[in-house]
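As a plain string of letters, each chain reads:
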Amino acid sequence: MSEPRPEVEVRRSARRTRTVSWRREGATVVVSIPASMSRTEERRWVDEALRRLERSDARRRPGRRAGDADLAARADALARAHLDPIAPDGPWPRPASVRWTRPMRTRWASCTPAEATIRVSERLRDVPGWVLDHVLVHELVHLREPGHGPAFRAAEAAYPRSERAIGYLEGLSAGAGPEITGTDEGTDDTEDA
């Protein structure tokens, strides 16, 4: 099922002679075109703008079309790039499985270290790639560090955009309505982000 087409506002300008540009203003896509452009050309450029924006969004939001195998490959690449270099005794532990799961009520993701499994909420399919990467690194760190103590935080900080991603997730939680805390209250063998 395809996503609904966003609202489009076409702005014609007599000062604009040949160029076409587009940008987002909130939920609206604004397409600026020359005033002399025909309606047929306008439709063609609106379609082109929407196609390019969708392609750009897909690159920035890698989870949108990613399957479990893509998610596992992404986690492995992150472990190689950020955690293997800081591992004290060889490569960082790898998960037995990484998979998308139905939206969790109070978590973005969870890790069960004893089973080496990571589950990521489908709510994260539409976040920017760097946010998804932080969540995966967070859960990968739990494979070696079960709690959120100083050693955990130091390893998590190996991903350079962690602090920014945490702020993004806090804002997303605040806007989501239901409280998604990201803390580990009431968990036993499962660590959650």
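Residues numbered from 1 in each chain as written. Predicted model: local features only at pLDDT ≥ 70, side-chain atom pairs only at ≥ 80, totals over all residues. Heavy atoms only, no water.

### Considering the packing of aromatic side chains
Thought 1: Taken as a whole and assessed by the stated rule, the structure comprises 2 aromatic pairs.
Thought 2: Between Trp-22 and Trp-45, the aromatic rings sit 6.3 Å apart at their centres with planes inclined by 35 degrees, giving tilted as the arrangement. Here Trp-22 is found in strand E2 (residues 21–25), whereas its partner Trp-45 is found in helix H1 (residues 39–60), with 23 residues between them in sequence.
Thought 3: For the cation-ring pair, Arg-144 lies above Trp-92, with the distance from its terminal atom to the ring centre recorded as 4.7 Å.
Thought 4: Sitting above the plane of the Trp-130 ring, Arg-164 keeps its charged end 4.4 Å from the centroid. (Phe/Tyr/Trp six-rings, centres within 6.5 Å; stacked < 30°, edge-to-face > 60°. Helix = DSSP H or I, 4+ residues; strand = E, 2+ residues; numbered from the N terminus. Lys NZ or Arg CZ within 6 Å of the ring centre and 35° of its normal.)

### Here we look at the nonpolar core
Thought 1: By size, the foremost hydrophobic cluster in this structure holds 32 residues, and its most contacted members are Val-120, Leu-124, Leu-132, Leu-136 and Leu-140.
Thought 2: Of all elements in the fold, only helix H2 (68–83), strand E4 (97–101), strand E5 (109–112), strand E6 (117–121), helix H3 (129–142), helix H4 (150–156) and helix H5 (162–176) reach the threshold of two or more residues within this core.
Thought 3: Element by element, the count of residues in this core is highest for H3, at 8 residues.
Thought 4: Not counting chain neighbours up to four residues away, the residues in contact with Leu-136 comprise Leu-71, Arg-74, Ala-75, Leu-78, Val-98 and Val-120. (Core = buried A, V, L, I, M, F, W, Y, C linked by side-chain atoms within 4.5 Å. Buried < 20%, exposed > 50% of the residue type's maximum accessible area, 1.4 Å probe, protein only. Contact = heavy atoms within 4.5 Å.)

### Topic: H2
Thought 1: The end-to-end C-alpha distance of H2 is 21 Å, a good match for the 22 Å that 16 residues give at a rise of 1.5 Å each.
Thought 2: Those residues of H2 that sit buried are Leu-71, Ala-75, Leu-78, Ala-79, His-82 and Leu-83. Seen end-on, H2 carries its buried residues on one side only, within an arc spanning 105 degrees.
Thought 3: Looking at the buried side of H2, the elements it contacts are E4, E6, H3 and H4. (Expected span 1.5 Å × (residues − 1). Arc of directions from axis to C-beta.)

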